[in-house]
Amino acid sequence: MKAIWGAVCVAAFSAGALLGQTAAAEEEGMFPFVIPGLAAPPAGSAVDVSWLNDRPAGGHGFVRARDGHFIDGRGKRIRFLASNVTFGTCFPDHAAADKLAARMASLGINCIRFHHADNQAAPRGIWKAGTPKKNEFDPGQLDRLDYFIAALKREGVYANINLHVSRNYWEGEDFPDGLAGNRERQEQLPHYGKGIDKINDQMIRMQRDYARALLTHVNPYTKTSYAKEPCVAIVELNNENSLLQLKVASLPEYYRAGVMRKWNLWLRARYGSTEKLAAAWGGSEPLGMNLLPERPAIQGSQYLAAAAGEAGEAVVSLLQAPEVSWHAQLHWGGLTLEEGQLYTLEFSARSDLPRRLPVSTRLNKPDWHNCGLAEDAELGPQWKTYRYAFRAARVEPGAVRLDMVAGGGPSGRFAIRDLALRRGGSIGLQPGESIEAGNIDAPARTQGSPRGLDWTRFLAETERAYTDGMRAFLKQELGVEAAILDTQASYGGVAGTYRESFNDLVDMHAYWQHPQFPGRPWDSANWSIRNTPMASDRSGGNLARLAVYRMADKPFTISEYDHPAPSHYAAEMFPTIASFGAFQDWDGLFQFDWGGTDSDARRITGYFALQQHPGKLAFLPAAALMFRRGDVEAARSTARLSIPADQVGKLAADNISMSEAWRKAGLADGDMLSRRLELRFTAGGKLELERTMGAVSPIAWDTETGLYTVDAPAAKVVAGRCTAKITRLDGAEFDVKSNPRGFAALALNAVDGQPLARSRRLLLTAVGNVENTGMGWNADHTSVGTRWGSAPTICEGIAARITLATEARGARVHALDAAGARMAEVPATARGGKLTFDIGPRFRTLWYEVAAN
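Owing to the predicted nature of the structure, the values given are computational and were not obtained by experimental measurement.

This part takes up the layout of surface pockets. Taken as a whole, the second largest pocket encloses approximately 980 Å³ of empty space. Along its surface, the second largest pocket is lined by 34 residues, and Phe87, His116, Trp522, Phe592 and Phe608 are the ones closest to its centre. Considered class by class, the residues forming the lining of the second largest pocket number 10 nonpolar, 19 polar and five charged.

Our next topic: empty space enclosed by the protein. Inspection of the entire model under this criterion finds three cavities of 30 Å³ or more. Within this model, the largest cavity holds a volume of roughly 100 Å³. Along the walls of the largest cavity sit 15 residues, with Leu756, Ser759, Leu762, Thr806 and Val850 positioned nearest its centre. Of all elements in the fold, only β35 (761–767), β38 (800–805) and β43 (847–852) reach the threshold of two or more residues within the lining of the largest cavity. Classifying every residue of the lining of the largest cavity gives 10 nonpolar, three polar and two charged.

It is worth spelling out the side chain of Thr682 at this point. As for its position among the elements, Thr682 is in strand β27 (residues 676–682). Excluding anything up to four places from it in sequence, Thr682 contacts Ser642, Ile643, Pro644 and Ala645.

In any sheet, the strands associate via hydrogen bonds between backbone groups, in a parallel or an antiparallel arrangement. Spatial ordering of the open sheet is given by β11-β14-β19-β16-β17, a layout of five strands whose pairing is antiparallel. Two strands close off the open sheet at either side, each with one partner strand: β11 (297–299) and β17 (370–379). Neighbour-to-neighbour, the strand axes of the sheet open up by a mean angle of 20 degrees, direction not taken into account. In this structure, strand β16 (residues 355–363) lies alongside β17, joined through seven bridges in antiparallel fashion. Within β17, the residue paired with Pro358 across the bridge is Asp376.

Glancing now at the nonpolar core. Ranked by size, the top nonpolar core spans 163 residues in total, and within it Phe114, Leu163, Leu215, Leu474, Trp586 and Trp662 carry the most contacts. Excluding anything up to four places from it in sequence, Trp586 contacts Arg77, Arg79, Leu546, Ala547, Arg550, Phe556, Ile558, Ile577, Phe580, Gly581 and Phe627. Counting 35 residues, the second-largest nonpolar core is a separate cluster that includes Val316, Val359, Phe414 and Leu421.

Going through the model one piece at a time under the given rule, you end up with zero disulfides. Its sulfur unpaired, Cys231 is 9.0 Å from the next cysteine sulfur, which belongs to Cys111. Distance from the sulfur of Cys722, which forms no disulfide, to the nearest cysteine sulfur (Cys795) is 16 Å. Residue Cys722 is classed as buried on the basis of its relative accessible area of 0%.

Another aspect to go through is the confidence of the model for the chain. Atom-level detail of predicted coordinates should not be read off regions where pLDDT is low. Here the chain shows a mean pLDDT of 94. Residues at 70 or above account for 97%. Every residue in residues 1–23 is under pLDDT 50, and counting partners more than four places away or in other chains gives 65 contacts.

Moving on, we come to the pattern of salt bridges. Side-chain pairing between opposite charges can occur once the charged atoms of the two side chains come close. Counted under the stated rule, the structure contains 61 salt bridges. One salt bridge in this structure joins Asp585 and Arg77, with 3.0 Å as the shortest N-O distance. Of this pair, Asp585 sits in the loop between α11 (573–583) and β25 (588–591) while Arg77 sits in the loop between β3 (69–71) and β4 (80–86), placing them 508 residues apart in sequence. On the basis of relative accessible area, Asp585 is assigned to the buried category, the value being 10%. According to the relative accessible area criterion, Arg77 is partly exposed, its value standing at 33%. When salt bridges that share partners are traced, they join Glu173, Arg205, Asp209, Arg212 and Glu477 into one network.

This part takes up the packing of helix α6 (residues 253–271) against helix α7 (residues 274–281). Relative orientation of the contacting elements α6 and α7 amounts to 90 degrees, with a least axis distance of 9 Å. Viewed along their axes, α6 and α7 adopt a mutual orientation that is roughly perpendicular. Contacts between α6 and α7 involve Trp263, Leu267 and Tyr271 from the first element and Lys276, Leu277, Ala280 and Trp281 from the second. When grouped by side-chain class, the residues that make up the contact of α6 with α7 number six nonpolar, no polar and one charged.

Attention now moves to helix α8 (residues 450–477). Between its terminal C-alpha atoms α8 stretches 39 Å, which fits the 40 Å expected from 28 residues at 1.5 Å a residue. Just downstream of α8, Gly479 is the residue with a positive phi angle, here 75 degrees.

Take the sheet that holds strand β28 (residues 688–691) next. With respect to topology, three strands assemble into an open sheet ordered β27-β26-β28, the strand pairing being mixed. The sheet is open, and its two edges are formed by β27 and β28, each paired on a single side. Looking at each pair of strands side by side, their axes are set apart by 20 degrees on average, direction ignored. Pairing geometry for strand β26 (residues 638–644) and β27, over seven bridges, is parallel. Looking at the pairing, Leu641 lines up with Leu679 of β27. On top of the sheet, helix α15 (residues 658–665) reaches β26, β27 and β28; it is set at about 105 degrees to β26, its chief contact.

Position of Ser536 among the secondary structure elements: in the loop between β23 (506–511) and α10 (541–547). With a relative accessible area of 7%, Ser536 lands in the buried category.

The rules behind the values
- Residues numbered from 1 in each chain as written.
- Predicted model: local features only at pLDDT ≥ 70, side-chain atom pairs only at ≥ 80, totals over all residues.
- Heavy atoms only, no water.
- 1 Å grid on protein atoms, 1.4 Å probe; cavity = no way out; pocket = protein on both sides within 12 Å on 5 of 7 lines; lining within 4 Å.
- Points joined across faces, edges and corners; volume = space filled by probe spheres on them.
- Nonpolar A, V, L, I, M, F, W, Y, C, P; charged D, E, K, R; others polar.
- Helix = DSSP H or I, 4+ residues; strand = E, 2+ residues; numbered from the N terminus.
- Contact = heavy atoms within 4.5 Å.
- Pairing = 2+ DSSP bridges.
- Axes fitted to C-alpha atoms, helices over the stretch in contact; angles between N-to-C directions.
- Core = buried A, V, L, I, M, F, W, Y, C linked by side-chain atoms within 4.5 Å.
- Buried < 20%, exposed > 50% of the residue type's maximum accessible area, 1.4 Å probe, protein only.
- Disulfide = S-S within 2.5 Å.
- pLDDT = per-residue confidence, 0-100.
- Salt bridge = Lys/Arg side-chain N within 4 Å of Asp/Glu carboxyl O.
- Parallel < 35°, antiparallel > 145°, perpendicular 65-115°, else oblique.
- Expected span 1.5 Å × (residues − 1).

See below:
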């Protein structure tokens, strides 16, 4: 195995002409293949893995967390392979619910996360239509939800119930400042009240009201409340939400004042007096000489021009806004700053139009990391003086620069004067601030100052109090039996992970190349994806980003995961995440999301839709066998990061990510492919990494060639840049022929769980590109805009010669249709203990069944 993170850049592949035309599709080996949305596969099909589900879900008792994993009522380990239903998909009619539950189970799904149910009124949400406030459940919607959960339970599918996701609180009731009727004020609050809803008492009370109404409701089809329902495995408090992400300065005054009042009470409780606080914060030094060169360098001269104005001011003109803001900036380089030393940047500025001007210090070479200063100056038409004190961090002599990024604002002019970067300054109490007056302000930034460290501690402690209170309310007052988490561990940085360490499980989200919207959020006409395979990512992609959050003694789930359409490489998603998650010994993988209410669309209907995407759906049975059944064995050795609890606040204040914390402790490139990564928070000690002896890993990932493989006794995976070469695994050889993008994903699984040579039944899944008919790609294949094409989906057939070691006298190989039924027989030769057969687009399938004689 070559180093996982030592790789070359990925080349961009283009198919040239649009693939929507039938002739072009045929040339590229594309053919129609639509996996049914609701119809279950025929009895005995190789792609029906519903037998993995114990029925009913919760039939043996409640799911519990024990020794870092989930167990059922018998004490048996349980892993979840799951999806999300959102908005109206949470509320199918009874007939559709029965079919949908059976279909999900047949694919290997054993849990469903109910998400965004609180966003809208019926028919796309839980709230009663035609009422002025979103504060009353719609009886019909509640009935459909009840029936769906009961249908899922019958099929052995558990539920993960989300409480607050996307209801705006002011839509539920009035607030003292008249928020419900003030659109301007609503727009000043974070979307869905994120952050502020963990400190605002009224919003917290509304969350409890919603939880009480939903979780104490008795489902008439199961005769049990959701609090006491064994098929409810997980309850999530507040999706993707942390108080530590709150931008308090931008809040409307009523909400800002409420936060500041609690902040000043926290300071009073901690320090008791202004004198003690001033001594603790300190941080005052006389100012030195100006360290900046006289003239800046201009990056992006086609966008930006600078000239001398009156009274020594510099007039900067943004001629045209670039697509990426930092492509137009001023920077002053060659600076030597002293590590940990206090510095102050000061300047005056004005702008013809309102403008946000990011200013920062950073290393003037790759990886261009921040060196202590990161602020946004809000410029207006009047001259204003800006002063930012900071401590230099991660600096190198002569290699620091000061940046002013001008490309993110409107075209026009702004002026700067009296610009100086000096050693010294003050980061302590400002004149007039005192504990007694209760007027101590929040810091503009947290890094490198005692005020910032205390602010971070305040937010983190307040958030943990919120989480503890909500958990106690659910457990003690409502009697909830399910495992509880607050939100995703990365929200709040290291402090967020510490917050979740007190809950029943730790959860994360990740998307490979999520759509980007350079203009209006979620603009269906203006978006793009990078459209490269994760297998070629030199940093380890989503897998590396997720692995560092697993706690040593808690179940670990990924409740949102996807490789969004229309990526040409989405087929790599399930083979990689399922095998890697099994090896890392994770406990739940939830794809996002199932994909709307149109089960007969026969085409990909959106970025995340699973039920209409054959390239994703086809790998679900293989993923269930690898992850749920454990056909890929968990790593026997570990790499464990210990983080002292008393360092959490400092790490969070300094914006040290969890990945950075692991690297600081010495994580090696190959650790996550040879060891199970886990972390713990300790009462003392130091940040350190401990490894147990490594063992042979079933996973190999060569990012230099973009090839990811799994070599387990009952499971083989070849994914990424595997074409025009032969990949040899133990007992299996994959000679994949060239194709337009040099990409394919193949999984070979023993349905009976036996080592491949002894297995009597194998399932081979082979997928390349998947699209809608007539998709309207742009020139570099990074967007289709609104031209998503039409039905049916068309799939790229992978041409390959497969050679397997076998103990059988012979075998028959069948191509399976989109429902999982046998079609044409594939010619195969068994000779000398080897079985050889060729697959390809002529069979018009993504699935092949090998039945040994």
